[in-house]
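# Structural description and commentary
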Amino acid sequence: MNSRRHLSILELVPIAPSSISTQQLQQQLIERGFDLSTRMLQRDLQSLYDQGYFGLEKDTRSIPYGWSINAQWRGSNSKVMSTEVAEHYLLLEQLLPQSVPSDVKRSVHIKAEQALKRLNGHVPDWLATFPKPSLKVNIDTQLVEQIEHAIKYKRAVSAELYRVLYDEAHWLKFAELSFYNIVEQGGVLMAQFMVGTLHDKCYQMPVYRIRNVHILQKTRREPSTEQLKSLRSAINKGMKQEAIELIVKVPIHSAVNQGFIELGELTDKQKIDDKNVLLTYQTINTEQLTDELFKCAHWLEVIKPEKLRQRIVSKLKAATTNYL
């Protein structure tokens, strides 16, 4: 969940009976520096609506839909925070993932402290026992549930996997995959699986690079001991490359900003000016990542981490030497 964007959405949605359309809300968000598509905003609104925690209401009597915040949920226009609003601020603080920018965390923490005072320091029992968020907060929880279901009941699935072929990014349809485990590696949730009915290798891929999972009426393949050993060997080799926070500067209309090239799990987006944005990713520092960044170096700039930036600079200097 991009909490910075979601907080802005909730701030801009008016109190009922006033309402705002998706197009109007999109324009106001763009003015705040959020460059997002209509479809992305629709998904955000639906996600906030489905959670039921934020008083968001949808008027489906006409198109485009009108969005508003229930007046009673916000405690009307009273300057005193209502008990219900106080509980929701405390819940929001618990739901924030670690990847949220520090200024957003501070803002939410201030509200949560005010909320705790409003409740006389007493956290409601239902909130005190609320489970702490896992990595699933950052990704499509429905997708994770589908994969977990397939693993539990040993079912094969069809799905699309994000792959880069010949320097171009594609979502490729796989008619049959056999998921058998989900693990956390370097702060990223990874799915382990086999492909088709004959291919003998096991693979591991970030969950955010998987979509459109459909459970099949077919039993999944089970990996052999040797196949699992081979995958563990590959994973242990990859573990030598640490998890990093990657920050890049790219043009607004670039393939990276439009989501056609993914460099990891996107955790933040900030508009710099009319032409460029800063994107922050949680990813794994691999040679493949370096190569992909190097191929885009004529329009993409690595800001952090410094070691990776210098690696790109060294490659550029070597390339320049070859062509002088």
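In case you missed it, the structure is sitting above this.
Now for a quick tour of the structure.

## Quick word on the overall build of the protein chain
Along the backbone of the protein chain there are ten helices and eleven strands. The long-range share in the protein chain, meaning contacts at least 24 apart out of those at least 6 apart in sequence, stands at 58%. Carbon and sulfur atoms form 51% of the exposed surface of the protein chain, whose accessible area is close to 18700 Å².

## Focus on the environment of Tyr281
Assignment of secondary structure puts Tyr281 in strand β10 (residues 276–284). Distance in space between the C-alpha atoms of Tyr281 and Ile244 is 8.2 Å, their sequence separation being 37 residues. With residues up to four places along the chain from it excluded, the contact list for Tyr281 reads Ile244, Glu245, Leu246, Val248, Val256, Leu263, Gly264, Glu265, Leu266 and Thr267.

## Regarding the pairing of strand β9 (residues 265–271)
Across six bridges, the pairing between β9 and β10 is antiparallel. Looking at β10, one finds that Glu265 is bridged to Gln282.

## Considerations on the packing of helix α9 (residues 287–295) against helix α10 (residues 306–323)
As a packed pair, α9 and α10 sit with axes 10 Å apart at the nearest point and diverge in direction by 55°. It follows from the interaxial angle that α9 and α10 lie oblique. In the crossing of α9 with α10, the sense of the turn from one axis to the other is right-handed. Here α9 contributes Glu287, Leu289, Thr290, Asp291, Leu293 and Phe294 to the contact with α10, which in turn contributes Leu308, Arg311, Ile312, Lys315, Leu316 and Ala319. Its residues assigned to classes, the contact of α9 with α10 shows seven nonpolar, one polar and four charged.

## Overview of the sheet that holds β10
With antiparallel pairing, the four strands of this open sheet are ordered in space as β9-β10-β8-β11. Edge positions in the open sheet fall to β9 and β11 (301–304), since each of these has one partner strand only. Averaged over all pairs of adjacent strands, the angle between strand axes in this sheet comes to 25°, irrespective of strand direction. Summarising the sheet, strand β8 (residues 243–251) and β10 pair through nine bridges and their orientation is antiparallel. Across the sheet, the residue bridging to Val248 is Leu279, located in β10. Packed on one face of the sheet, α9 meets β8, β10 and β11 and runs near 10° to β8.

## Points about the packing of aromatic side chains
Tallied over the entire structure, the rule returns three aromatic pairs. Centre to centre, the rings of Tyr162 and Trp171 are 5.4 Å apart; their planes meet at 70°, and the pair counts as edge-to-face. The class for Trp171 is partly exposed, based on a relative accessible area of 27%. Measuring from centroid to centroid gives 6.1 Å for Phe193 and Tyr203, while their planes differ by 25°, and the two rings are stacked.

## Some points on the pairing of strand β1 (residues 56–59)
Pairing of β1 with strand β2 (residues 66–69) involves four bridges; the strand directions are antiparallel. Bridging across to β2, Asp59 finds its partner in Gly66.

## Examining the side chain of Arg5
Note on placement: Arg5 falls in helix α1 (residues 3–12). A relative accessible area of 12% means that Arg5 is categorised as buried. Reaching out from Arg5, the side chain makes a polar contact with the side chain of Asp44 at a distance of 2.5 Å. Sequence-distant contacts of Arg5, that is, excluding residues within four places in its chain, are made with Phe34, Leu36, Met40 and Asp44.

## With respect to the packing of helix α2 (residues 22–31) against helix α3 (residues 38–51)
Relative orientation of the contacting elements α2 and α3 amounts to 105°, with a least axis distance of 10 Å. The pairing of α2 with α3 is recorded here as roughly perpendicular in orientation. Here α2 contributes Thr22, Leu25, Gln26 and Leu29 to the contact with α3, which in turn contributes Thr38, Leu41, Gln42 and Leu45. Considering only residue class, the contact of α2 with α3 consists of four nonpolar, four polar and no charged.

## Remarks on the pattern of salt bridges
Evaluation of the coordinates by the stated rule reveals seven salt bridges. Lys218 serves as the salt-bridge partner of Glu176, at 2.8 Å between the closest nitrogen and oxygen. Here Glu176 is found in strand β4 (residues 168–185), whereas its partner Lys218 is found in strand β7 (residues 210–219), with 42 residues between them in sequence. Accessibility expressed as a relative area gives 12% for Glu176, which makes it buried. Note that Arg309 and Glu301 form a salt bridge whose closest N and O atoms lie 2.9 Å from each other. Assessed through its relative accessible area of 31%, Glu301 is described here as partly exposed.

## Regarding the side chain of Thr280
Its location among the elements puts Thr280 in strand β10. The buried category is assigned to Thr280, whose relative accessible area is 10%. If we ignore the near neighbours within four places in the chain, the residues touching Thr280 are Glu245, Leu246, Ile247, Glu265, Leu266, Thr267 and Asp268.

Parameters and conventions
- Residues numbered from 1 in each chain as written.
- Predicted model: local features only at pLDDT ≥ 70, side-chain atom pairs only at ≥ 80, totals over all residues.
- Heavy atoms only, no water.
- Helix = DSSP H or I, 4+ residues; strand = E, 2+ residues; numbered from the N terminus.
- Contact = heavy atoms within 4.5 Å.
- Areas by Shrake-Rupley, 256 points an atom, 1.4 Å probe, with all protein chains shown as cover.
- Pairing = 2+ DSSP bridges.
- Axes fitted to C-alpha atoms, helices over the stretch in contact; angles between N-to-C directions.
- Parallel < 35°, antiparallel > 145°, perpendicular 65-115°, else oblique.
- Left-handed = near helix turned anticlockwise from the far one by under 90°.
- Nonpolar A, V, L, I, M, F, W, Y, C, P; charged D, E, K, R; others polar.
- Phe/Tyr/Trp six-rings, centres within 6.5 Å; stacked < 30°, edge-to-face > 60°.
- Buried < 20%, exposed > 50% of the residue type's maximum accessible area, 1.4 Å probe, protein only.
- Polar contact = N/O pair within 3.5 Å; in protein donor to acceptor, adjacent residues only side chain to side chain.
- Salt bridge = Lys/Arg side-chain N within 4 Å of Asp/Glu carboxyl O.

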